[in-house]
Structures are given as C-alpha cells and as structure tokens.
Amino acid sequence: MATQEESSGMMPDFMFYFLLVIIALAVGYFIYLAIFTFQPVIDLQRNARATLEISENLMSSPLTTSKAVFSSAELDKIDNKIVEPYVRHCAYGYKAEIESGGRKWIFGYEPRDFGRYFDSLKEHALKTPVSVDGKPGTLTVTTYENTITSASCLIQRAFVLKKIEKWPCKIPTAGAVSLPRETRAVRCDIKLEKQRDDFLCIGAAVEEAPLVECRHLPGIQVQKFIFKGKKFNEIKDMFLVAYPLKRYADSCENLNPADIAGEKDDVVTVLLCIEEAAKP
Amino acid sequence: MKGFQLATVLIIGALLLFLTIGPAVKTASLEAVRRSAVFQAEYIANIINFLQSAPVTTQYALTTAKGSCTMLFNQMYVELTLENLTARSDILQTGLEIPKKEIKCSAERQKTVCFVRRQSSIDIFESEVNCILTA
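Reference entry: report on the structure contained in this document.

**What about the pattern of salt bridges?**
Alright, step 1. Throughout the structure, instances matching the rule amount to 23 salt bridges over all chains.
Alright, step 2. For Glu42(B), the salt bridge is made with Arg46(A), and the minimal N-O distance between the two is 2.5 Å. Separated into two different chains, Glu42(B) in helix H1 (residues 2-51) and Arg46(A) in helix H2 (residues 46-58) make up a pair that spans both. Each member of the pair Glu42(B) and Arg46(A) is classed as buried.
Alright, step 3. Here Asp189(A) and Arg187(A) are joined by a salt bridge, their closest N and O atoms 2.8 Å apart.
Alright, step 4. Residue Asp189(A) is classed as buried on the basis of its relative accessible area, which comes to 17%.
Alright, step 5. Residues joined by salt bridges that share partners form a network here, namely Arg157(A), Glu165(A), Glu79(B), Arg88(B) and Asp90(B).

**Describing empty space enclosed by the protein**
Alright, step 1. Scanning all chains against the criterion turns up 2 cavities of 30 Å³ or more.
Alright, step 2. Its boundaries defined by the atoms lining it, the largest cavity holds a volume of some 90 Å³.
Alright, step 3. Looking at the largest cavity, it is lined by 13 residues, and the ones nearest its centre are Arg49(A), Glu53(A), His89(A), Glu42(B) and Ser89(B).
Alright, step 4. Contributions of two or more residues to the lining of the largest cavity are made by H2 of chain A together with H1 and strand E4 (85-90) of chain B.
Alright, step 5. Of the residues belonging to the lining of the largest cavity, the class tally is 3 nonpolar, 4 polar and 6 charged.

**Digging into the packing of aromatic side chains**
Alright, step 1. For the structure on display, the rule yields 2 aromatic pairs over all chains.
Alright, step 2. Aromatic side chains Tyr109(A) and Tyr144(A) sit 6.1 Å apart centroid to centroid with 80° between the ring planes, which places their arrangement in the edge-to-face category. With Tyr109(A) in the loop between strand E4 (103-108) and strand E5 (122-132) and Tyr144(A) in strand E6 (residues 135-145), this residue pair connects regions lying 35 residues apart in the sequence.
Alright, step 3. Seen in terms of ring centroids, Phe73(B) and Phe115(B) are 5.8 Å apart; in terms of plane orientation they differ by 75°. Their pairing is edge-to-face. Taken together, the residues span a long stretch of sequence, with Phe73(B) in strand E2 (residues 69-73) and Phe115(B) in strand E6 (residues 112-117) at a distance of 42 residues. For the pair shown, Phe73(B) and Phe115(B) are each scored as buried.
Alright, step 4. Residue placement shows Lys166(A) over the ring face of Phe239(A); its charged tip is 5.4 Å from the ring centre.

**Some words on the interface of chain B and chain A**
Alright, step 1. Contacts between the two partners involve 36 residues from chain B and, on the opposite side, 44 residues from chain A.
Alright, step 2. Both sides of the chain B and chain A interface together cover about 3,600 Å² of buried area, and 62% of this is carbon and sulfur.
Alright, step 3. Between Glu42(B) and Arg49(A) there is a salt bridge, and its shortest N-O distance comes to 2.7 Å.
Alright, step 4. Taken together, the elements giving at least two residues each to the side of chain B that touches chain A come down to H1 and E4 of chain B.

**Considering the state of the cysteines**
Residue and element names in this part refer to chain A.
Alright, step 1. What the rule picks out here adds up to 5 disulfides over all chains.
Alright, step 2. A disulfide bridge connects Cys 90 with Cys 153, and the sulfur atoms are separated by 1.8 Å. Its S-S torsion of approximately 110° makes the covalent link between Cys 90 and Cys 153 right-handed. A residue pair is termed long-range when its members are at least 10 positions apart, and Cys 90 in the loop between helix H3 (72-78) and strand E3 (93-100) and Cys 153 in helix H4 (residues 147-161) qualify at 63 residues. Both residues of the pair, Cys 90 and Cys 153, count as buried.
Alright, step 3. Each disulfide pairs two cysteine sulfurs, and for Cys 201 the partner residue is Cys 214, the sulfurs being separated by 2.0 Å. Since a negative S-S torsion denotes a left-handed disulfide, the Cys 201-Cys 214 link at about 100° is right-handed. Taken together, the positions of Cys 201 in strand E9 (residues 199-204) and Cys 214 in strand E10 (residues 211-216) put the pair 13 residues apart, joining distant regions of the chain.
Alright, step 4. Sequence-ordered numbering of the disulfide-bonded cysteines in chain A gives the connectivity 1-2, 3-4, 5-6, 7-8.

**What to know about the environment of Ser89(B)**
Residues and elements named next belong to chain B.
Alright, step 1. Residue placement: Ser 89 occurs in strand E4.
Alright, step 2. Distance from Ser 89 to Val 78, taken between C-alpha atoms, is 5.3 Å for residues 11 residues apart in sequence.
Alright, step 3. Ser 89 has contacts with Ala 41, Glu 42, Ala 45, Met 76, Tyr 77 and Val 78, leaving out every residue within four places of it along the chain.
Alright, step 4. Here the side chain of Ser 89 touches Glu 42 through a polar contact of 3.3 Å, side chain to side chain.

**Side note on the sheet that holds strand E12 (residues 238-245) of chain A**
All names here are of chain A.
Alright, step 1. Pairing in this open sheet of 3 strands is antiparallel, and the strands run E7-E12-E13 from one edge to the other. Only two strands of the sheet have a single partner each, and these edge strands are strand E7 (165-168) and strand E13 (269-276). Taken over all neighbouring pairs, the strand axes of this sheet differ in orientation by 20° on average, direction set aside.
Alright, step 2. In this sheet, E12 lies alongside E7 in antiparallel orientation, the contact comprising 4 bridges. Pairing of Pro 168 across the sheet is with Phe 239, part of E12.
Alright, step 3. Packed on one face of the sheet, H4 meets E7, E12 and E13 and runs near 155° to E7.

About the thresholds
Residues numbered from 1 in each chain as written. Chains lettered and ligands numbered in written order. Predicted model: local features only at pLDDT ≥ 70, side-chain atom pairs only at ≥ 80, totals over all residues. Heavy atoms only, no water. Salt bridge = Lys/Arg side-chain N within 4 Å of Asp/Glu carboxyl O. Helix = DSSP H or I, 4+ residues; strand = E, 2+ residues; numbered from the N terminus. Buried < 20%, exposed > 50% of the residue type's maximum accessible area, 1.4 Å probe, protein only. 1 Å grid on protein atoms, 1.4 Å probe; cavity = no way out; pocket = protein on both sides within 12 Å on 5 of 7 lines; lining within 4 Å. Points joined across faces, edges and corners; volume = space filled by probe spheres on them. Nonpolar A, V, L, I, M, F, W, Y, C, P; charged D, E, K, R; others polar. Phe/Tyr/Trp six-rings, centres within 6.5 Å; stacked < 30°, edge-to-face > 60°. Lys NZ or Arg CZ within 6 Å of the ring centre and 35° of its normal. Contact = heavy atoms within 4.5 Å. Buried area = accessible area lost by both parts, 1.4 Å probe. Disulfide = S-S within 2.5 Å. Polar contact = N/O pair within 3.5 Å; in protein donor to acceptor, adjacent residues only side chain to side chain. Pairing = 2+ DSSP bridges. Axes fitted to C-alpha atoms, helices over the stretch in contact; angles between N-to-C directions.

Now the structure itself:
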C-alpha cells in the first residue's frame, strides 16, 4: 500500500506522462490535418491521350498509303464531311485537319455549341508532321468531349454490347477539374434525335427547340428523347439509361422487358429513359 | 505502480491516436486502390489503342500484380475491378475486333497477359511463359 508521500510523489510523474501523451496526440492530429484532409486532385488527361491515340491510328488508317503518308485521293472523298472515318473514340469527337502543299483537308466532328447551352467543353489539340502523296505536311487532331459526344457514347455502348448502359445525370460544373471517375456522367436535360439516318443531334429539352449540333453515328437507330418531368435540381439522383431493343417501343413507361435485346439478338433501336437511382 | 501508470497512459494514448487516424488511413487506402483501378484501366486501354495502329503480330506483355483483380475486355472498353472497385476505359473503334474476355489476377503468382495485333483483331490471352513463344 502506498504511503501519502509516495502518492504525492507519483502525481507529478503521472501529470508529466499525461501531458506527454496530450502533446503526442496534438502532433498526431496536426499530421492528420496536414496529410489526410488534403485530397490530391489528379487530372487523368484522358483527352490528351485520346488525341494521341486517334492521331496514331489515323496515320495507319486506309487514308494512308504507308505509315503517316496520306493519300490525297482518299482525303478528297471525306473533305469537309462531319464523319469520323476508320477511327472513332466513343466519348471524344475529333476534327482532323491535314495541310500539305498549300492544300487543306478537314473532316470530323466540330462542336457548334461550345458550352453555351449544354456542357462545358473539354478540348485538346495535337499537331504531328505527316506527308500527303510524299509532300511534307501536318496533321492536327482536335478532340472534344461534351454532352453530344457523351450521349452518343452511351448509345453506342448499349448498341454494340447489347447491354443496358446507365450513366449518372450530371450537374454542369464549368471548368472544374474532376477526380478520376470510374463511371462517366452526362447532361440529361436535353433533346436527342437522329437526323438524316446517320447523325445524332442535340437540342434543348423542348419539343419546338432547334437542334443545335450533331455527331456522326452511323448504323445505330435511336428513338427520339426529350427530357421532361423533372426540375433541374432533382437531376442529381437520376440516370440516363440506354436500352438496346429488339423492336421499337412506344415509351419508357410502356417498355416491355421482353423487348430488350440480349447478346444473341439483333438490336433494332436504342431507347433512352430517365430513371431514379435505386434506393439502398 | 509507476510502470502501471505509464503503461495505462501509453495504452490510452495509442488507442486515442488509432481512433483518430485509423478511419482516415482506411479512407486514404481505399482511395489509393480506386485510383489504382482507374489508372490501370487507362493503361490497359492505352496498350490496346496503340496496338491497333501497330503492324500485324506486334505484341505487348503485361505482368499483373499478385492479388485480387478482374480484367474484362469487350469491343467498347476495358473494365478493371480491384478490391470491389471498378473502373472503365474506352477502346478506340477502328474496325478491329476486340474479343470478349475475362482475366482474373492470382493471389499466389504474377500472371502475364499478352496482347497481340492480328490482321482483323487484337488477341488477348494469358501466358505461362512469355508472349513470343505462345503467340
């Protein structure tokens, strides 16, 4: 049993160690604040890499006679056309400009909207030395990611993979650098319509609104989609869903599950619907 | 008694420190895995996209890390799942066929995944030795 003297002698020791632990905790907490509350923001540079990959593939496409040697005869066939021939990136539309010997060929997708009505635009350009019929020249590829390219990617995935494709609806955040994302997101408050069979066009979510711009999407039929029924601030928990269908459906409400194409079925059309996130 | 007091204080201190920093470490670890899945998916899609512009028979060997992961390949994208976290990255559409394929990593050993450019497709397969001998 400790005497009174011993007890009073122990108290300063206890206080010393107690203070030591408090200081250690404070240092630990400071380290925690300094390291763990800072979240590094990483830009994946997806569009920069997509631009490089598209350029590389164009330089060995049937538009060339050998690596990076373009044929003027082949370029004449697609000059000034809104097509993305031989190479297509699902989520990025691209415009290619080839200059050589005072001539210039342009083809591909070029946005007209530039973020005025729809999404903030991500853009990246890359210039590469090439030749046309043996004369020196340059290939400039510019890639764009915006609402129409994202929507066409959603549709193309559903059509090609014969799977229901579901992307979260996005609230526009102009100029924000985002963290790496596992899934892409898309603006949903839009109107989408196929025009002249081969083009997917976008407009504001009103029946009378004009279509603002189009991306080449050959061989894929899409039923007309107009976003309705939800207010803008309710979009954040919604999804834009693309259904590959074996036959045309009247509407999302009347969609018969038996009409959804499986792996062995031919996809006739793609139907877009707005759906709520499943409640946990 | 002095030793007992010291031990008590230290144990309480360590416990408090663990409770304070532990959840943050867990969150940071999960975030690291998630980012790793995203970067790995981008890396694998990059391999396929560059092979598409390469001459026929060009090969690339990818060595997987030991552990749990699933790589899913299809015509449109690469999907990588690491520790139940999934990331996708787009494959360019150039007319070449990318066959549907699923490859699982192994916890016991590293695996070699081969990518070979063929005339009309990109071949993806596992190899026990190396890609050149098995291609």
